[in-house]
Amino acid sequence: MTRPQHFGWFLARGFGPHGWGHDYLDWGYDWTRPDLYQQSARTLEQAGFDLLVIEDAPSLGSAETIDLRVRHAFGGPKHDPLLLAPYLFAATAHLGVVPTVNPAASLPYTAARQFATLQHLSAGRFGLNVVTDTGSARHFGTAEPLGHDAAYDRAEEWLGAVRSLWRSWDDGALIADPVSGRYADGTRMQPVSHRGEYYAFDGPLNAIPFPAGEPVIVSPGGSGRGLGFAGANSDVQLAISPLDEASIRSYRARIHDAAVARGRRPSDVTILFALQPVLVDSPEEADRIVAASRTPDDAALRRIAQRQSSDLETDLTALDLDAPLDVSVFADHVSHGSIRRLIGDHDETASLRTILAAHARAGRLRDGSGMVGTADEFADLIEELASWGNDGVLLWGDLHPVTVHRTLDRLVPILRRRGLLRDGYVDGGLRANLAAF
Ligand SMILES: Cc1cc2nc3c(=O)[nH]c(=O)nc-3n(C[C@H](O)[C@H](O)[C@H](O)COP(=O)(O)O)c2cc1C
């Protein structure tokens, strides 16, 4: 019997203009109102998902390229997902809600207090996706962004500080006894005096202990330092990896080794591999979509260019599709890894059309060449991952009811029948449900 898997949904465009650029915009939801997200979150809960993770980036990027980021709403606007969380908790009873949080943007005491409040309000269903992007440093009073590894060091110190504040109350400090009239015992509180490299402050925190345990810590970093952070600190790691057995096992082993090195157990970290399936009704339809993707029309290429222009902060839509791509168009600050991912295996003679067409190319789930297939084929993949020891998957997309139903309507019954998807929740919130199998 296959072990059930944990399922997460990643709202990849963040709390932003949902449906923009898609025809389902005409369903008429307003992305600034909670209804769109509440309806979708209820469906995820009905499906048995463990958690919803909400992407975030607090910045619109550099002043010169703001138009590229907002023109097609790929990079902004975005509202703060932390403040969406209470609306989603009000609409659901079991689903975990995990907004993205960057330690650069909030001091430990404020963060610990806000997260403690949300953990209580949700009866233990709150988590935070800790990211270390430094591009927004100037918005938070820092002229020079930290380097990559230093940002992780700061995140570890921040999280340690937040946790020490959450642990301000010793067992027995909270009495709440109406007979004696005593609410709490102040002599059983930890003072918390933090003097670190990045933060200095005093506690204790004026919130009360958590009946359902501390908020769940999620992390998505994929570098060596990122995997080390996950092993040391995270309850859930969001992973991107090739989906062959050797890659999956090696990714999991690296996190597990990092966990053991920090005195934790491998099973303390639930690893969810991110996938973006395109589910269709029949193998024939999947074949047709894959075949059509080999000859993308100009509109399809333009859409890819728009997204890449936002991510790379460089206007690819203004370039000649049929001329070779000159890499000097990219300013120095643009990530070399992102440029390499755009260009792939092509050499300097390749036209922009050829490069973008490679990004349009779809493949079949059935033969491992891509993500287009039927719900049965996708369930086969999840079952195969499970047989290699996997804990679960993170489905990547927007959070529109149309997308959620399109992805889940056929898939959920198939996964349930195969014993891969839970058919009910245990009490105790997100932490208890992650530990349930
Ligand atoms: C599933 C997933 C979700 C992510 N969500 C965010 C996010 O919301 N905000 C963000 O700034 N970065 C996000 N990232 C990027 C990571 O934080 C990180 O920058 C990236 O994975 C590179 O990792 P590294 O810096 O350890 O190399 C995400 C990455 C993955 C795989």
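Residues numbered from 1 in each chain as written. Predicted model: local features only at pLDDT ≥ 70, side-chain atom pairs only at ≥ 80, totals over all residues.

Teacher, can you tell me more about the overall build of the chain here?
What the chain contains, in helices and strands, is 15 helices and 14 strands. Computed over C-alpha atoms, the radius of gyration of the chain comes to 23 Å, within 12% of the 22 Å expected from 2.2 N^0.38 for 437 residues, which places it in the range of a compact globule. Projected onto its principal axes, the C-alpha coordinates of the chain cover approximately 80 × 55 × 45 Å. Of the contacts made within the chain by residues no fewer than 6 positions apart, 74% connect residues no fewer than 24 positions apart. (Helix = DSSP H or I, 4+ residues; strand = E, 2+ residues; numbered from the N terminus. Rg over C-alpha atoms; globule rule 2.2 N^0.38 Å. Contact = placed C-beta atoms within 7 Å.)

Can you walk me through the site of the ligand in this structure?
The immediate surroundings of the ligand are formed by 19 residues, with Glu55, Pro220, Gly221, Ser223 and Gly226 found nearest. Across the shell around the ligand, the residue classes tally to eight nonpolar, seven polar and four charged. (Near = placed C-beta within 6 Å. Nonpolar A, V, L, I, M, F, W, Y, C, P; charged D, E, K, R; others polar.)

Sorry if this is basic, but what is going on with the environment of Thr349 here?
Inspection of the secondary structure assignment puts Thr349 in the loop between helix H10 (336-343) and helix H11 (352-360). Separated by 171 residues in the primary sequence, Thr349 and Pro178 have C-alpha atoms spaced 79 Å apart.

Looking at this model, I keep getting lost on the nonpolar core. Mind explaining?
In terms of nonpolar packing, the biggest core is built from 84 residues, with Leu52, Val53, Val98 and Val218 touching the most fellow members. Top element by residues in this core is helix H5 (residues 148-166). It accounts for nine residues. Residue contacts for Leu52: discarding those within four places in its chain leaves Trp9, Leu11, Ala41, Leu44, Leu88, Leu95, Val97 and Val98. Within the second largest apolar cluster, nine residues are counted, among which are Ala305, Leu352, Ile355 and Leu356. (Core = buried A, V, L, I, M, F, W, Y, C linked by C-beta atoms within 7 Å. Buried ≥ 20, exposed ≤ 12 C-beta atoms within 10 Å, placed from the backbone.)

How should the environment of Asp298 be read in this particular structure?
Among the secondary structure elements, Asp298 is positioned in helix H9 (residues 298-312). On the basis of neighbour counts, which here come to 11 C-beta atoms within 10 Å, the residue Asp298 falls in the exposed class. Separated by 23 residues in the primary sequence, Asp298 and Leu321 have C-alpha atoms spaced 9.1 Å apart.

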